[in-house]
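Reading the structure
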Amino acid sequence: MPNKRLTLPHPRIGLGLAALGRPGYINLGHGADMPGRRDVDAMRAHCHRMLDLAWEQGIRYVDAARSYGRAEAFLGAWLAGRPPEGRPVIGSKWGYTYTADWQVDAEVHEVKEHSREVLDRQWGETLEALNGPPDLYQIHSATLDSGVLENVTVLERLAELRDAGTAIGLTTSGPRQAETLERAMAVEIDGRPLFDAVQATFNLLEPSIGTTLEEAAHAGMAVIVKEGVANGRLTARNDRPEDAGRMAVLDAVAGRHAVTRDAVAIAWLLAHPWVDMVLSGAATEAQLSANLRGLEVSLSPADLEALGALIEPAEVYWRTRGGLAWN
């Protein structure tokens, strides 16, 4: 495998702030993770406690986005005053604008637009929130139909940021993730590949992008996995009758290793050597500790064969995800 254009730190688990920067998210049972106050001050304090815990547990990569409520501002306040050796590698994203106004039951939580105007505005907002540039800046949910991978003014501006020292990436979503990534891998500016990293949804239920992710890794891109526990569907909180058979298989494997479902789901991701980073979306100390157990699990060939039964059609997976409630 060639040298990566972006080197991510170890361990291979990072902390994602999607559930920590705003009062509501689509993870199953997320409402129970945030008892009591959900005002900005309380959420900031909780986010900082989780960042402290993650650092103490050895996590050295943190992922945010403009659309994660105040995640960037919370992270920037936490970073303030920390010495260089006390700072994790930071990734953030542009392309969605947070519109929920701190309301869990908002009609619209975020609005997607991949224009040059939004990039310029959000880059400035990111610089202000983080008190400087992130190490990695990603197009949030790049898709073929958004046209962002053909938008020359956007791509050239991203290349300017790349040349100034910020790695450039993209995140993918939807059943056509692989096609989007293939298109992104072909984008070059000034004779150089534009994208240093890809962040994709890849898990036991929806592994359809796996082959393309491996190709991206071999081409020199860093591979980051999001939604590794499928927004809670690969955790103990999933009591959906339609998932009962899959959960029985997952429970059997977890039982053999004396860990929880999420640890097995993460261990399965880490068993792919071309995966550079798996994001934990933990909102509580217990969830983070359980996720980190995935680093200790070594799945056997029999385990891996059994877990193959969890796969569902990509269209079904994404339809189900689209129906998850904000809570």
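This report concerns the structure included in the present document.

Conventions and cut-offs
- Residues numbered from 1 in each chain as written.
- Predicted model: local features only at pLDDT ≥ 70, side-chain atom pairs only at ≥ 80, totals over all residues.
- Heavy atoms only, no water.
- Phe/Tyr/Trp six-rings, centres within 6.5 Å; stacked < 30°, edge-to-face > 60°.
- Helix = DSSP H or I, 4+ residues; strand = E, 2+ residues; numbered from the N terminus.
- Buried < 20%, exposed > 50% of the residue type's maximum accessible area, 1.4 Å probe, protein only.
- Lys NZ or Arg CZ within 6 Å of the ring centre and 35° of its normal.
- Contact = heavy atoms within 4.5 Å.
- Pairing = 2+ DSSP bridges.
- Axes fitted to C-alpha atoms, helices over the stretch in contact; angles between N-to-C directions.

1. Considerations on the packing of aromatic side chains
If you walk through the whole model with that rule in mind, you get four aromatic pairs. Look at Trp123 and Tyr137: their rings are 4.8 Å apart centre to centre, the planes differ by 65°, and that puts the pair in the edge-to-face class. Residue Trp123 is found in helix α3 (residues 116–130), and its partner Tyr137 is found in strand β6 (residues 136–142); the two are separated by 14 residues along the sequence. Here Trp123 matches Tyr137 in class, with each residue buried. Judged by centre distance (5.2 Å) and plane angle (40°), the rings of Phe202 and Trp268 are tilted. Of the two residues, Phe202 is situated in the loop between β10 (197–201) and α6 (210–218) and Trp268 in helix α8 (residues 261–270); the sequence distance between them amounts to 66 residues. The pair Phe202 / Trp268 is uniform in exposure class, with both members buried. Chaining the aromatic ring pairs together yields one cluster made of Phe202, Trp268 and Trp274. Against the face of Trp55 rests Arg82, its NZ or CZ located 5.2 Å from the ring centre.

2. Things to note about the side chain of Glu312
With respect to the helices, strands and loops of the structure, Glu312 is situated in the loop between α10 (301–307) and α11 (314–322). Among all residues touching Glu312, those that are not within four sequence positions of it are Leu205, Arg233, Arg246 and Tyr317.

3. Remarks on the sheet that holds strand β11 (residues 222–226)
Taken together, eight strands build a closed barrel; the order of strands is β1-β2-β3-β6-β7-β10-β11-β12 and the barrel is parallel. Going from strand to strand, the sheet's axes swing by 25° on average, the running direction of each strand aside.

In short, shape yes, function no, at least from these values alone.
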